[in-house]
Amino acid sequence: MSYQHLKTTRDGAIEYLTLNRPDVRNAFNEQVIAELIAWAAAARDSAARRDLRVVVLAGAGKGFCAGADVTWMSKTVHYTEEDNLRDAMAMSRMFAALNELPVPVVGRIHGAALGGGAGLAAVCDIVVAEERAIFGFTEVKLGILPAVISPFALAKIGRSAARELFLTGARFSATRAREIGLVHEVVTAGELDATVARYVQELLAGGPEAIAAAKALIPQVWGHTVDAAMPVAAAAIAGRRVSREGQEGLRAFLEKRTPSWYQRVSHVKDAKETKDAKDDRRE
Ligand code: COA
């Protein structure tokens, strides 16, 4: 599939998905939203065929993503109420589709991740940020609010940080983003791609079905009492341990060998990543 505002590169079971509107800092409009929804559907199919195991989400140019396209949003004043709602629902579907991908998504954040850009960080499973990256739920500064991204952001940063950051719209550092759970690791520009590759390698060492099941389990258990969670958790492990993949993993451990699903991140990609990291340092 070809996209106007997304760049996709497949390296074995790894999909590198890059938001590609660098002139507007990868802000997303209705076309980007439609492309991301289409991409997520294709990624889901690819994961079902076992072709896809990990996604790396990044931004082209100077930053990750400046959120919703302000020019596009300002034009919605001419929409009917119904059109406005349909438009906002499409944006919600985009975030939900990324959030619910059955494969892990690693966010590679450099430059700005503001508004919906911070929302995109929130739907990643693992986020690695360059130390100079800037985050913010800046919507109120524009007279709007972080509504569509709120379920995803709240699940990551919790109510207390949301009350501060949604209401002030203040920009905050990568270190603060890590403190509130939006980011998992903060590194220098030179270390960014190697750190992402390390996470990808970690994910390629785990059973793909087990990882998908672990990802699905979290929202099923989160917020429930232990009593309510117990049957869900018990059913999840009972199914997994007798599965082909579960049996392969358990046997591989006992036989002191690597399981059949194990893959290494290719060296070709490492070389490209080193080059990209140098490009970032020059920016
Ligand atoms: N929507 C539309 N255009 C945007 C944009 C957005 N969210 N964010 C940046 N742009 C455009 C700018 O208008 C500018 O366009 P121009 O070259 O025609 O003037 C271009 O992208 C580059 O932006 P600039 O501010 O010059 O780049 P920068 O690297 O100095 O700063 C940001 C980048 C992202 C920090 C800054 O652009 C910014 O704060 N953007 C607003 C982010 C925001 O509040 N998002 C929430 C939206 S709900």
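Residues numbered from 1 in each chain as written. Predicted model: local features only at pLDDT ≥ 70, side-chain atom pairs only at ≥ 80, totals over all residues. Heavy atoms only, no water.

**Some points on the layout of surface pockets**
It is a probe the size of a water molecule, rolled over the atoms, that shows where empty space is left. Stated formally: With a 1 Å grid laid over protein atoms only, a set of points is called a cavity when a 1.4 Å probe fits there but cannot get out and a pocket when it is open yet has protein on both sides within 12 Å along at least five of seven lines; lining residues have an atom within 4 Å of a point. Grid points are joined across faces, edges and corners, and a volume is the space filled by probe spheres set on the points. Comment: elements are numbered from the N terminus, with helices defined as DSSP H or I runs of at least four residues and strands as E runs of at least two. Polar here means any residue other than Ala, Val, Leu, Ile, Met, Phe, Trp, Tyr, Cys and Pro, which are nonpolar, and Asp, Glu, Lys and Arg, which are charged; Gly is therefore polar.
By volume, the largest pocket amounts to about 750 Å³. In terms of lining, the largest pocket is formed by 25 residues, of which the most central are Asn99, Asp125, Lys215, Ile218 and Pro219. Those elements giving two or more residues to the lining of the largest pocket turn out to be α5 (150-168) and α8 (208-221). Residue contributions to the lining of the largest pocket peak at seven residues, all from α8. Partitioned by chemical class, the residues of the lining of the largest pocket number 18 nonpolar, three polar and four charged. Considering only enclosed or pocket space, the second largest pocket measures out at about 540 Å³ in volume.

**Here's the deal with the confidence of the model for the chain**
Put simply, the rule reads: The predictor rates its confidence in each residue with pLDDT, a number between 0 and 100. Throughout, a residue-residue contact means that at least one pair of heavy atoms, one from each residue, lies within 4.5 Å.
In the predicted model, the chain carries a mean pLDDT of 94, and 94% of its residues have values of at least 70. Confidence over residues 267-283 falls short of pLDDT 50; this stretch has 20 contacts with residues more than four positions distant or in other chains.

**Focus: the packing of aromatic side chains**
The cut-off we apply is this: In summary, the pairing rule links any two rings of Phe, Tyr or Trp, Trp by its six-membered ring, whose centres are within 6.5 Å, and it sorts them by plane angle into stacked for under 30 degrees, edge-to-face for over 60 and tilted for everything else. Only protein chains enter the accessibility calculation, which uses a 1.4 Å probe. A residue is then buried if its area is under 20% of the maximum for its type, exposed if over 50%, and partly exposed in between. Any Lys NZ or Arg CZ found within 6 Å of a ring centre and within 35 degrees of that ring's normal is scored as a charge over the ring.
All chains considered together, the criterion is met by five aromatic pairs. Note on Phe28 and Phe95: the rings are 5.9 Å apart at their centroids and 75° apart in plane angle, and the pair reads as edge-to-face. Placement of the pair is Phe28 in the loop between β2 (14-19) and α1 (30-48) and Phe95 in helix α3 (residues 81-99), with a sequence separation of 67 residues. Neither Phe28 nor Phe95 differs from the other in exposure class; each is buried. Arg198 extends its terminal NZ or CZ atom over the ring of Tyr199, reaching a point 5.4 Å from the ring centre.

**Some remarks on the site of the ligand**
Using the following cut-off: For this purpose, a residue is taken to be near a molecule or strand whenever a single non-hydrogen atom of the residue falls within 4 Å of it. Pairs of N or O atoms are called polar contacts if they sit within 3.5 Å, as long as, within protein, a hydrogen donor faces a hydrogen acceptor (for residues adjacent in sequence, only side-chain-to-side-chain pairs). Accessible surface area values rest on a Shrake-Rupley calculation with a 1.4 Å probe, where residue burial reflects the displayed protein chains alone.
The environment of the ligand is formed by 16 residues, the closest being Arg25, Ala66, Ala68, Val70 and Arg171. Between the ligand and Arg25, the relevant distance is 2.9 Å, taken from an oxygen atom to a side-chain nitrogen or oxygen of the residue. Taking Val70, its main chain carries an N or O atom lying 2.9 Å from a nitrogen atom of the ligand. For the ligand, the accessible surface in isolation is 860 Å², of which the surrounding protein chains cover 57%. Taken together, the elements giving at least two residues each to the shell around the ligand come down to α2 (70-75) and β5 (112-114).

**So, a nonpolar patch on the surface**
Put simply, the rule reads: Without a salt bridge and with relative accessible area above 30%, a residue can belong to a patch; like charges are then joined within 9 Å and nonpolar side chains (Val, Leu, Ile, Met, Phe, Trp, Tyr) within 5 Å. Salt bridge, as applied in this entry: a Lys or Arg side-chain nitrogen positioned within 4 Å of an Asp or Glu carboxyl oxygen.
There is a patch of nonpolar side chains on the surface, built from Val70, Leu142 and Ile144 and spanning about 250 Å² of accessible area. Of note, Val70 is situated in helix α2. Given the relative accessible area of 46%, Val70 is considered partly exposed.

**Focus: the sheet that holds strand β4 (residues 105-109)**
Selection criterion: When DSSP finds two or more bridges between two strands, those strands count as paired. Fitted lines through C-alpha atoms serve as axes, helices being fitted only where they are in contact, and the angles separating the N-to-C directions of these axes extend from 0 to 180 degrees.
As summarised here, the arrangement of the six strands in space is β1-β2-β3-β4-β6-β9, forming an open sheet in which the pairing is mixed. Strands with a single pairing partner mark the edges of an open sheet, and in this sheet they are β1 (6-11) and β9 (185-187). Sheet twist, expressed as the average angle between the axes of neighbouring strands with direction ignored, equals 20°. As judged from the six bridges shared by β1 and β2, these two strands associate in the antiparallel manner. Looking at β2, one finds that Arg10 is bridged to Glu15. Set on the sheet, helix α7 (residues 192-204) makes contact with β2, β3 (54-59), β4, β6 (126-130) and β9; between it and β6 the angle comes to about 165°.

**Things to note about the packing of α8 against helix α9 (residues 226-241)**
To be explicit about the condition: Geometric relationships in this document are graded by angle, where less than 35 degrees denotes roughly parallel, more than 145 denotes roughly antiparallel, 65 to 115 denotes roughly perpendicular, and other angles denote oblique.
It is the contact of α8 with α9, at a shortest axis distance of 10 Å, that shows an interaxial angle of 175°. By the criterion of interaxial angle, the relationship of α8 to α9 is roughly antiparallel. Here α8 contributes Glu209, Ala210, Ala213, Leu217, Gln220 and Val221 to the contact with α9, which in turn contributes Ala229, Val232, Ala233, Ala236 and Arg240.

**Brief notes about the pairing of β4**
Two faces make up the sheet, and in a regular strand the side chains alternate between them. Among the five residues that make up β4, five are buried, leaving the element largely enclosed by the rest of the structure. Residues Val105, Gly107 and Ile109 of β4 are buried on one face, and the alternating residues Val106 and Arg108, pointing to the opposite face, are buried as well. Bridging between β3 and β4 involves three bridges; their strand directions are parallel. Its bridge partner lying in β4, Leu57 is registered against Gly107. Looking at chain direction, β4 and β6 are connected through four bridges and run parallel. What sits directly across from Ile109, in β6, is Ala129.

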